[in-house]
Amino acid sequence: MKSISETSKGIIFLIISAFFFALMAVFVRLAGEIHFIQKAFFRNSVAFIIAFISIGREIKIKGKTAVAIPKGAMFYIILRAIAGSIGIFGNFYAIDRMVLSDAAILNKMAPFFTILFSFLLLKERVKPVPMIAITIAFLGAMLVIKPGFNYTSSGPALAAFAGGVGAGLAYTCIRKLSSLKCNGKIIILFFSVFSMIISVPYMIFNYNPMTWGQFLFLCGAGICAAFGQFSITAAYYHAPAGKISIYDYSQIIFSTSLGFIFFNQIPDYLSFIGYGIIITMAIWNFIYNRKKE
């Protein structure tokens, strides 16, 4: 029997990751009338526990050198924590207030912003094709956001878009930290702790009592997020981003399907046009990078 290639394994893991992140959004919404900061706190607490246990095991095996922070890495660890928190808060705020697939596609603007932040922070040159793709994808995002003076309708979309910006900056920091050989579990642990700490003031003064059902839904969201994170890590372990990253957009298919099944959500025609534009630009940029390689 022919074995599965490394690229195929990467694609499979990336699609699995996309499914778990889409399912995470379903659990977040099913948790009901709980403030998005409280939901994010429980999601991050699961990531913290998993990262803490993993780091403990590494220290036992490799000693304290396994968790040493390389010189020059702390700035990017802190910036990643701030950007990642913006990404999660924006995404969770949007999930409760708009169609799941709309929130997902705006979050998927992150790769485009990674290109911009890589230019600004890492001084990486931006080629004309990616720049054009970013500009057109931004216009596609506007069709999903439908900006207007009514905050009730456009506010959540803008929050989702801001979440995509934060995620793009976070990915740029991770890229830099990877080149500095910083332990990925340290990055996750610091980010989780930071997000939990900035959530504490709200949790102290405005904690929403939860039913057991809501608690279990939030635990489910945290577990799905953890599985999604592990799967996406495994995907890029088996294959480079340039070969598989486009398959991350399968989350839009999962989000659209799950949104319809659980919440009877159907995106409007402008959103579908926006999806098409953003995904087309992602495919164009993907093909360009493959030819460049």
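So, here is what we can say about the structure in this document. (Residues numbered from 1 in each chain as written. Predicted model: local features only at pLDDT ≥ 70, side-chain atom pairs only at ≥ 80, totals over all residues. Heavy atoms only, no water.)

**What to know about the overall build of the chain**
Thinking step 1. The secondary structure content of the chain amounts to 12 helices and zero strands.
Thinking step 2. When the elements of the chain are put in sequence order from the N terminus, they spell out α-α-α-α-α-α-α-α-α-α-α-α.
Thinking step 3. On the principal axes, the C-alpha backbone points of the chain span a range of 55 × 55 × 45 Å.
Thinking step 4. The long-range share in the chain, meaning contacts at least 24 apart out of those at least 6 apart in sequence, stands at 89%.
Thinking step 5. Of the accessible surface of the chain, which amounts to about 14,900 Å², a share of 70% is contributed by carbon and sulfur atoms.
Thinking step 6. If you average the places of the 25 positive and of the 9 negative side-chain charges in the chain, the two averages end up 10 Å apart. (Helix = DSSP H or I, 4+ residues; strand = E, 2+ residues; numbered from the N terminus. Contact = heavy atoms within 4.5 Å. Areas by Shrake-Rupley, 256 points an atom, 1.4 Å probe, with all protein chains shown as cover. Lys, Arg positive; Asp, Glu negative; His and termini not counted. Charge placed at Lys NZ, Arg CZ, Asp CG, Glu CD.)

**Looking at helix α4 (residues 100–107)**
Thinking step 1. In terms of burial, α4 is largely enclosed, as eight of its eight residues are buried.
Thinking step 2. Those residues of α4 that sit buried are Leu100, Ser101, Asp102, Ala103, Ala104, Ile105, Leu106 and Asn107. (Buried < 20%, exposed > 50% of the residue type's maximum accessible area, 1.4 Å probe, protein only.)

**A few points about the pattern of salt bridges**
Thinking step 1. According to the stated counting rule, one finds three salt bridges in the structure shown.
Thinking step 2. The shortest N-O distance in the salt bridge between Glu58 and Lys185 comes to 2.8 Å. Taken as a pair, Glu58 in helix α2 (residues 36–62) and Lys185 in helix α8 (residues 184–206) lie far apart in primary sequence, 127 residues in all.
Thinking step 3. We classify Glu58 as buried; its relative accessible area is 14%.
Thinking step 4. Among the residues examined, Lys185 registers a relative accessible area of 28% and is labelled partly exposed. (Salt bridge = Lys/Arg side-chain N within 4 Å of Asp/Glu carboxyl O.)

**Examining the side chain of Gln38**
Thinking step 1. With respect to the secondary-structure elements, Gln38 resides in helix α2.
Thinking step 2. Side-chain polar atoms of Gln38 contact the backbone nitrogen of Asn208, separated by 2.8 Å.
Thinking step 3. Sequence-distant contacts of Gln38, defined by excluding residues within four places in its chain, comprise Tyr202, Met203, Asn206, Tyr207, Asn208 and Met210. (Polar contact = N/O pair within 3.5 Å; in protein donor to acceptor, adjacent residues only side chain to side chain.)

**Remarks on the nonpolar core**
Thinking step 1. Counting residues in each nonpolar core, the largest one holds 68 residues, and the members touching the most others are Met24, Phe92, Ile105, Leu106, Met109 and Phe112.
Thinking step 2. It is helix α3 (residues 74–95) that contributes the most residues to this core, 11 residues altogether.
Thinking step 3. Once you skip the residues sitting within four places of it in the chain, Met109 turns out to touch Ala137, Phe138, Ala141, Phe161 and Ile278.
Thinking step 4. In terms of nonpolar packing, the next biggest core, distinct from the first, is built from seven residues, Ala31, Phe41, Met196 and Leu218 among them. (Core = buried A, V, L, I, M, F, W, Y, C linked by side-chain atoms within 4.5 Å.)

**Section: the packing of α2 against α3**
Thinking step 1. The interhelical angle for the contact between α2 and α3, taken along N-to-C directions, is 125°, at an axis separation of 9 Å. On the basis of their axis angle, the class for α2 and α3 is oblique. Of the two possible hands of crossing, α2 and α3 adopt the one that is right-handed. In this structure, α2 uses Phe36, Ile37, Lys39, Ala40, Arg43 and Asn44 to contact α3, whose residues at the interface are Ile88, Phe89, Phe92 and Tyr93.
Thinking step 2. Its residues assigned to classes, the contact of α2 with α3 shows seven nonpolar, one polar and two charged. (Axes fitted to C-alpha atoms, helices over the stretch in contact; angles between N-to-C directions. Parallel < 35°, antiparallel > 145°, perpendicular 65-115°, else oblique. Left-handed = near helix turned anticlockwise from the far one by under 90°. Nonpolar A, V, L, I, M, F, W, Y, C, P; charged D, E, K, R; others polar.)

**Considerations on the environment of Asn208**
Thinking step 1. Looking at where Asn208 falls in the secondary structure, it is placed in the loop between α8 and α9 (212–238).
Thinking step 2. Separated by 175 residues in sequence, Asn208 and Glu33 have C-alpha atoms that sit 8.6 Å apart.

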